[in-house]
Amino acid sequence: MEMNGRSAPKAAIDDPRDPRDPLDARDPGARPHVRVEDLVRGAGNDPACERATAGPGDGGAAGEPLTAKLARRTVPGALYERGPEEGYLRCTACAHRCVLSPGRAGACGIRFEKDGELRVPFGYVARHYVRSVETNTIFHVRPGARSLTFGMFGCDLRCPYCQNWKVSQALREPEGDGEPIDISAADLVELAVTAGCGVLASAYNEPMITAEWAHAVFAEAHRRGLVTALISDGNTTPEALAYMRPVADVFRVDLKGWSADHYRTLGGRVEPVLAAIGEARRLGYWVEVVTLVVPGFNDEAAGLRTLGAEIARVDPDIPWHLNAFYPRYKMSDRMTTDPAFLVDVAGVAYARGMKYVYVSNVADRVRELSHTRCPTCYEVVVRRFNYETQEVLLSGGACPSCGTRVPGLWGPAAP
């Protein structure tokens, strides 16, 4: 895509396939099935493959491939259905809806069939950090609170600009190998409580492909009074959203483009993501949406206006974050996004009825679009800089100047 002489963006929905079956999973031969042992890079017939389905917590041999380590840290899954043929399972964690024949893994490489059941990741993290909740690009949830954010390995997409690729793409990239850190749900939540966190978030890789683990962690977090957040690519299903809703409060979505071409590059489709945003709001999640604007990939002004219209159609109260791209991973040769362009897109989004539009990862050049303003009188009600809350002026979740309620999960951090 050229920076000048841009062609008109394609419509957001331009693929004739059923949105519930984006890879036509109704036909078990429609997608390449992956054998669990094939996912162990460079192992061939290595005996480590024979250990791949041992119980979680078992020791591993020196030099054991990451996939074998992860396959041992699994439990029976909840998000699947039988069929379409005897011996097959259809995973319902993400919108690929992979059909798994015996001994095969899905597109994510971490959910696989064994002995008639679906095995899913459990009982470990790849990394965890305590930082401000705003670093998860969530602005209307407990501003100023600390968040323990954790992730596992693997992803259902393959974004060439992924910031966390050494975790999310660890099964696809030789440089991405890491060590799983064994931990219980209770101990992970205890770390958050001890650190004074008000929020616990699943991020770094796609949390819906590890939903059973997130469910266990979030259930414990709710018991301890924490807000819980899924930091997702949105490529998920109504079944997964319903499964997580009793224990998950926030669904923060990366909406990465508007056309089939964009999502084909990433290994997915746009329709399930747009559908997930609407379904999450219907189920009562607090939803925020992020679009990373990548030069030469998804920086068409008309296309970004289309995305803003799609979000506003669901709910104009949904915050939309327009983030600048910085060179990384397989797009290290791209230029950084021009902040002025993001400001222009944000202005159009406001003019077309969106109430909360942010440009926040270029704080040195764009400061005012990090703040939350009252949509009626435009007074600043939450002041931020560089993903840190400086001042919360809300009164009972409302503007102190005019009384307009500002939607969000403000909690005790917003008096």
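See the structure above.
Please read these numbers as outputs of a predicted model, since none were measured by experiment.

> Tell me about the pairing of strand β17 (residues 320-324), and please be specific about residues and values.
Walk down a regular strand and you will see the side chains alternate between the two sheet faces. Counting buried positions over the 5 residues of β17 gives 5, a clear majority of the element. Taking every second residue as pointing to the same face, both faces of β17 are buried, with Trp 320, Leu 322 and Ala 324 on one and His 321 and Asn 323 on the other. As judged from the 5 bridges shared by strand β16 (residues 286-293) and β17, these two strands associate in the parallel manner. Looking at the pairing, Thr 291 lines up with Leu 322 of β17.

> Which residues make up the pattern of salt bridges, and what are the values?
Counted by the stated rule, this structure contains 21 salt bridges. In this structure, the salt-bridge partner of Glu 81 is Arg 90, at a minimum N-O distance of 2.8 Å. Using a relative accessible area of 33% as the deciding quantity, one classes Glu 81 as partly exposed. With a relative accessible area of 11%, Arg 90 lands in the buried category. Glu 368 serves as the salt-bridge partner of Arg 373, at 2.6 Å between the closest nitrogen and oxygen.

> Got a sec to walk through the sheet that holds strand β5 (residues 99-100)? Specific residues and values, please.
Taken in spatial order, the 3 strands make up an open sheet running β3-β4-β5, and their pairing is antiparallel. With partners counted over all chains shown, the strands left at the sheet margins are β3 (80-82) and β5, one partner each. Relative to strand β4 (residues 89-91), β3 runs antiparallel, the two sharing 3 bridges. Pairing of Arg 82 across the sheet is with Leu 89, part of β4.

> So what's going on with the packing of aromatic side chains? Residues and values would help.
Counted according to the given criterion, the structure contains 9 aromatic pairs. Relative to Trp 213, the ring of Phe 122 has its centre 5.0 Å away and its plane inclined at 75°; by these criteria the two rings are edge-to-face. Taken together, the residues Phe 122 in the loop between β8 (117-121) and β9 (124-125) and Trp 213 in helix α4 (residues 211-223) connect sequence positions 91 residues apart. Look at Trp 213 and you get buried, because its relative accessible area is 1%. Aromatic side chains Trp 165 and Tyr 329 sit 4.7 Å apart centroid to centroid with 10° between the ring planes, which places their arrangement in the stacked category. You can see Trp 165 sitting in helix α2 (residues 165-168) and its partner Tyr 329 sitting in the loop between β17 and α9 (339-351), a full 164 residues away along the chain. As far as burial versus exposure is concerned, Trp 165 and Tyr 329 are alike and both buried. Three or more aromatic residues joined by ring pairs make a cluster, and in this case those are Phe 139, Tyr 358 and Tyr 387. Above the face of the Tyr 129 ring, Arg 131 is positioned so that its terminal group lies 4.4 Å from the ring centre.

Cut-offs and rules
Residues numbered from 1 in each chain as written. Predicted model: local features only at pLDDT ≥ 70, side-chain atom pairs only at ≥ 80, totals over all residues. Heavy atoms only, no water. Buried < 20%, exposed > 50% of the residue type's maximum accessible area, 1.4 Å probe, protein only. Helix = DSSP H or I, 4+ residues; strand = E, 2+ residues; numbered from the N terminus. Pairing = 2+ DSSP bridges. Salt bridge = Lys/Arg side-chain N within 4 Å of Asp/Glu carboxyl O. Phe/Tyr/Trp six-rings, centres within 6.5 Å; stacked < 30°, edge-to-face > 60°. Lys NZ or Arg CZ within 6 Å of the ring centre and 35° of its normal.

Coordinates in, geometry out; function isn't part of it.
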